Amino acid sequence: MKLERKLMSKKKPTFPINDMLSDYLKKYNRNVKIPIFYDDLLRFQGSVTVYDNNDEDTLWIRTYYSEWDRIEIDNSLKKIYTMLLSDGSEETIPFLNVDAIDYCTFGNSKPFRIKVRNILNDNSTYFYVKKADASRVYGLELEHILSPHNINFLVYKDTLIEEHIVGIPGDDFIKNFLPKCTELEKSQIAKEFVKFKERCLVRLLGDMRSYNYVVTPTHDFFSIIYKIRAIDFDQQSFEGNLKVYNLQFMKENFKMVEMVGKKLQNSSIEQYKIEERSFMAKRMITAPRRTERLIACMKNDTISYPENIALLKKQLMKYVGDVKFKDCNNMGEILDTILSFVKRNYLDISNKDLF
């Protein structure tokens, strides 16, 4: 399998939250007034490099602020913590401490990572403060609706607050954990990778290189069950090259792709693809209004370039064989056509079983 070196040629811009999307977020309690903005955290006075346990640069820096700013920022971040993860009550704030405010110097979103610790028991929780981007918000909401995982986030004006998704970073897992897995575990991971790949492709979530997803192991009776979750949603429905949405064309995923080829037969791969599409169809059927409202927002929004839309339409017509893509004018209409195809195919097959 040939892996292309460079699939994405341009840096993705940040798209603003329009009024229609803002109204959608308010309806589903995602849009909440918060006491601090992303730009406020940029006022740090200095920083030090954060290294991992192997003394390698993590590409995060630990920021520090003036005494006056730090008091105000810490109090605001504690309030955001209670709004994101609780009911917004300030009763627990005296028991919280902001241990670290880290800034990422790598990637598009340049997020701040906040570490909040409960001083009564030393349990720590992370969350992120980022620049609000319509692409990322659509990606988060689609993940919440269409995947097996719930996503918790808040948006206010130009600031996005996002919960931390727990797991082993994919690149770390591939390098340090995958070689130690049993053959049975590798088969199970291969199955999950196929389903994760299909989910990203169907919902047009791009750039799922190994460091943009995590692997989460869960102990179940006498075995460990592995799940794969996306953690970066910046490339939701932006690129025109269909390969950007297909994990197997990312060179960082080569070891996973190679393992799938060794552990799964083509019939099994096709079975797991159908299972994942069926799951997504069921999610859309059980939450029809939320899905329709979100897609309506995307149809009335600009989250990509005309040349990307034209290229993706052309490639999808060839890949899926559905001429309906020809009439699509934006990424929202393209995604709607894909999801309608998935749902229609599921209903056609499942209804036949009733007769």
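Reading guide: rules and limits
Residues numbered from 1 in each chain as written. Predicted model: local features only at pLDDT ≥ 70, side-chain atom pairs only at ≥ 80, totals over all residues. Heavy atoms only, no water. Patch = residues over 30% accessible without salt bridge, like charges linked within 9 Å, V, L, I, M, F, W, Y side chains within 5 Å. Areas by Shrake-Rupley, 256 points an atom, 1.4 Å probe, with all protein chains shown as cover. Salt bridge = Lys/Arg side-chain N within 4 Å of Asp/Glu carboxyl O. Helix = DSSP H or I, 4+ residues; strand = E, 2+ residues; numbered from the N terminus. Buried < 20%, exposed > 50% of the residue type's maximum accessible area, 1.4 Å probe, protein only. Pairing = 2+ DSSP bridges. Arc of directions from axis to C-beta. Contact = heavy atoms within 4.5 Å. Polar contact = N/O pair within 3.5 Å; in protein donor to acceptor, adjacent residues only side chain to side chain. Axes fitted to C-alpha atoms, helices over the stretch in contact; angles between N-to-C directions. Core = buried A, V, L, I, M, F, W, Y, C linked by side-chain atoms within 4.5 Å.

1. A few points about a nonpolar patch on the surface
Link 1 in the chain: The grouping of Phe95, Ile119 and Leu120 at the surface amounts to a nonpolar patch, some 290 Å² of accessible area in total.
Link 2 in the chain: Following the sequence through the fold, Leu120 ends up in the loop between strand E4 (112-118) and strand E5 (124-131).
Link 3 in the chain: With a relative accessible area of 62%, Leu120 lands in the exposed category.

2. A word on the pairing of strand E10 (residues 223-230)
Link 1 in the chain: Looking at chain direction, strand E9 (residues 213-220) and E10 are connected through eight bridges and run antiparallel. From the neighbouring strand, Val214 faces E10, where its bridge partner is Arg229.
Link 2 in the chain: The antiparallel pairing of E9 with E10 creates a hairpin that spans two residues between the two strands, and Phe221 there sits at a positive phi of about 55°.

3. Structural notes on helix H1 (residues 19-27)
Link 1 in the chain: Every buried residue of H1 is accounted for by Leu21, Ser22, Tyr24 and Leu25. Buried residues of H1, viewed axially, fall in a sector of 160°; they line one side.
Link 2 in the chain: Turning to H1, the residues buried within the fold contact helix H4 (134-146), strand E6 (153-156) and helix H9 (288-299).
Link 3 in the chain: Its side-chain oxygen placed 3.3 Å from the backbone nitrogen of Met20, Asn18 serves as the N-cap of H1.

4. Digging into the pairing of strand E3 (residues 96-104)
Link 1 in the chain: Burial runs high along E3: seven of the nine residues are buried.
Link 2 in the chain: Two elements, strand E2 (residues 57-64) and E3, share three bridges in a ladder whose sense is antiparallel. Across the sheet, residue Arg62 finds its bridge partner in E3, namely Asp102.
Link 3 in the chain: With seven bridges joining them, E3 and E4 adopt antiparallel strand pairing. Bridge pairing links Ala100 to Lys115 in E4.

5. Digging into the sheet that holds E5
Link 1 in the chain: Within the open sheet, the seven strands sit side by side as E1-E2-E3-E4-E5-E7-E6. Their pairing is antiparallel. Of all the strands in the sheet, just strand E1 (46-51) and E6 have a single pairing partner and so form its edges. Ignoring strand direction, the axes of neighbouring strands in this sheet form an average angle of 25°.
Link 2 in the chain: The pairing of E5 with strand E7 (residues 159-163) spans five bridges and is antiparallel. The residue of E7 that forms the bridge with Lys130 is Leu160.
Link 3 in the chain: Its contacts with the sheet place helix H3 (residues 67-85) against E2, E3, E4, E5, E6 and E7, and it is angled at close to 100° to E3.

6. Brief notes about the nonpolar core
Link 1 in the chain: Core analysis: the largest hydrophobic core is formed by 71 residues, its most contacted members being Tyr213, Met256 and Ile334.
Link 2 in the chain: One finds Tyr65, Ile73, Ile101 and Ile114 within the second-largest nonpolar core, a separate group that totals 23 residues.

Such coordinate-based values are descriptive only and should not be taken to indicate function.
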